[in-house]
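# Results of the structural survey
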Amino acid sequence: MLANKERKIIAIIPARAGSKGLPNKNILNCAGKPLIAWTIQSALRSAYISKTLITTDSLKIKQIAKQYGAWVPFMRDHSLSKDDSSMNDVIHDTLARCVDLGCKFDLIILLQPTSPLRTAQDIDEAIRLFLSKK
């Protein structure tokens, strides 16, 4: 297994604005900070993740994500931010845009912003488990 930073691993955190059940849920206050901040901070603390990218259609989410140290190099197209948008399509678009920017990664990890209790240790353990499998 390669050492922690020898593989380029990107964490993709999808955070669209249009939640119907709980409007603006990704940026609502959760124990003193926006919900999305918990996932960003855990990803940034990971021993394996090289880049933490937010894909969003919201300028407010982009602003908050950047404030917490995430990379937000582009805005997600609104056609990929609907209730019935496929996460596979969102990831495919995100990776294609990264390639257009000259970024290459060995692995991706999808981190939903609605899991604030997931720690960097949880992320690292999942990555170690994945890397240990053939």
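Scope of this entry: the structure provided in the associated data block. (Residues numbered from 1 in each chain as written. Predicted model: local features only at pLDDT ≥ 70, side-chain atom pairs only at ≥ 80, totals over all residues. Heavy atoms only, no water.)

## Some thoughts on helix H3 (residues 87-100)
Across its 14 residues, H3 extends 20 Å between first and last C-alpha, which sits within 8% of the 20 Å expected from 1.5 Å per residue. Buried residues along H3 sit against strand S1 (9-14), strand S4 (49-55) and strand S5 (107-110). Between the side-chain oxygen of the N-cap and the backbone nitrogen of Asn88 there are 3.1 Å, and the N-cap of H3 in question is Ser86. Two residues or fewer after H3 comes Gly102, characterised by a positive phi angle close to 85°. (Helix = DSSP H or I, 4+ residues; strand = E, 2+ residues; numbered from the N terminus. Expected span 1.5 Å × (residues − 1). Contact = heavy atoms within 4.5 Å. Polar contact = N/O pair within 3.5 Å; in protein donor to acceptor, adjacent residues only side chain to side chain.)

## Focus on the layout of surface pockets
One number sums up the size of the largest pocket: a volume of about 250 Å³. Considering the residues around the largest pocket, the lining is formed by 16 residues, among which Pro14, Arg16, Arg76, Met87 and Gln112 are closest to the centre. (1 Å grid on protein atoms, 1.4 Å probe; cavity = no way out; pocket = protein on both sides within 12 Å on 5 of 7 lines; lining within 4 Å. Points joined across faces, edges and corners; volume = space filled by probe spheres on them.)

## Some thoughts on the state of the cysteines
Two cysteines form a disulfide when their sulfur atoms are joined by a covalent bond. Throughout the structure, instances matching the rule amount to 0 disulfides. This cysteine, Cys98, is not joined by any disulfide, and Cys103 carries the nearest cysteine sulfur, 5.4 Å off. Accessibility expressed as a relative area gives 18% for Cys103, which makes it buried. (Disulfide = S-S within 2.5 Å. Buried < 20%, exposed > 50% of the residue type's maximum accessible area, 1.4 Å probe, protein only.)

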